[in-house]
Amino acid sequence: MDNRSLYERIGGDQALTLLTDRFYDLVFEHELISRLFKSDKNEIKEKQRLFLTQFLGGPQLYSDVHGHPMMRARHMPHTITEDDAVAWLQCMSTAVGELPIDKSLKDELFDRFPRTAFFMVNS
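These figures come from a predicted structure and were not determined experimentally.

1. With respect to the pattern of salt bridges
Applying the stated criterion to the full structure yields 10 salt bridges. Beyond isolated ion pairs, a larger network of salt bridges with shared partners links Asp 13, Glu 46 and Arg 49.

Next comes the structure, spelled out in structure tokens:
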């Protein structure tokens with residue numbers, strides 16, 4: 001049994017950098033959800049990389065820089081619908097699918113996102 005975190009098993013920071021780069025390329029081009037991402041793309045990618053590092057069992061980088069994630073509270077100023085969550089998950093599925101890791105790891109990684117995506121729905 002592999003006791004390493006999912007962060008470590010997918011390839012750590014290198015994998016998350018690939019994932020966030022591809023994911024936000026898709027998000028910023030998406031006709032439905034691009035409206036939710038109006039600030040600097042590089043800043044958004046960096047925050048997501050820090051959060052995912054922590055979310056997947058790596059170092060607590062997000063908390064060290066930005067404090068407790070409080071993700072729902074941080075997303076409340078934005079109107080997020082179920083359709084937005086589905087679109088976000090489609091972009092993430094594509095990005096995860098392109099990672100150079102085994103399918104079982106891709107599945108395990110993607111399975112971490114639906115619950116969180118739908119938790120952000122507020123409208």
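2. Concerning the packing of aromatic side chains
In total, this model carries nine aromatic pairs according to the counting rule given. Between Tyr 24 and Phe 28 the ring centres are 6.4 Å apart and the planes differ by 70°, which places this aromatic pair in the edge-to-face class. With Tyr 24 and Phe 28 both in helix α2 (residues 12-29), this residue pair falls four residues apart, about one helical turn. Plain terms: the ring middles of Tyr 24 and Phe 37 are 5.7 Å apart, the flat faces sit at 70° to each other, and that makes the pair edge-to-face. Of this pair, Tyr 24 sits in helix α2 while Phe 37 sits in the loop between α2 and α3 (41-55); the two residues are 13 residues apart in sequence, bridging distant segments of the chain. Judged by its relative accessible area of 15%, Phe 37 is buried. Three or more aromatic residues joined by ring pairs make a cluster, and in this case those are Phe 23, Tyr 24, Phe 28, Phe 37, Phe 51, Phe 55, Tyr 62, Trp 88 and Phe 113. The positively charged end of Lys 41 is found above the aromatic ring belonging to Phe 28, 5.4 Å away from the centroid.

3. Considering the side chain of His 30
By the secondary structure assignment, His 30 is in the loop between α2 and α3. Reaching out from His 30, the side chain makes a polar contact with the backbone nitrogen of Ile 33 at a distance of 3.5 Å. For His 30, the contacting residues outside a window of four places in its chain are Ala 87, Gln 90 and Cys 91.

4. Side note on the packing of α2 against helix α6 (residues 82-97)
Closest axis-to-axis distance for the α2/α6 pair is 9 Å, and the angle between their directions is 140°. Considering their axes alone, α2 and α6 lie oblique with respect to each other. Here α2 and α6 pass one another in a crossing that is right-handed. Residues Leu 19, Arg 22, Phe 23, Leu 26 and Val 27 of α2 form the contact with α6, whose own contacting residues are Trp 88, Cys 91, Met 92, Thr 94, Ala 95 and Val 96.

5. A look at the nonpolar core
Among the nonpolar cores identified, the biggest contains 37 residues, and Ile 10, Leu 19, Phe 23, Leu 56, Trp 88, Leu 109 and Phe 113 are the most heavily contacted of them. Among the secondary structure elements, those contributing two or more residues to this core are α1 (6-10), α2, α3, α6 and α7 (103-110). Among the elements that take part in this core, α6 stands out by supplying eight residues, more than any other. Beyond its immediate chain neighbours, meaning those up to four positions away, Ile 10 contacts Ala 15, Leu 16, Leu 56, Ile 101, Leu 105 and Leu 109.

Reading guide: rules and limits
Residues numbered from 1 in each chain as written. Predicted model: local features only at pLDDT ≥ 70, side-chain atom pairs only at ≥ 80, totals over all residues. Heavy atoms only, no water. Salt bridge = Lys/Arg side-chain N within 4 Å of Asp/Glu carboxyl O. Phe/Tyr/Trp six-rings, centres within 6.5 Å; stacked < 30°, edge-to-face > 60°. Helix = DSSP H or I, 4+ residues; strand = E, 2+ residues; numbered from the N terminus. Buried < 20%, exposed > 50% of the residue type's maximum accessible area, 1.4 Å probe, protein only. Lys NZ or Arg CZ within 6 Å of the ring centre and 35° of its normal. Polar contact = N/O pair within 3.5 Å; in protein donor to acceptor, adjacent residues only side chain to side chain. Contact = heavy atoms within 4.5 Å. Axes fitted to C-alpha atoms, helices over the stretch in contact; angles between N-to-C directions. Parallel < 35°, antiparallel > 145°, perpendicular 65-115°, else oblique. Left-handed = near helix turned anticlockwise from the far one by under 90°. Core = buried A, V, L, I, M, F, W, Y, C linked by side-chain atoms within 4.5 Å.

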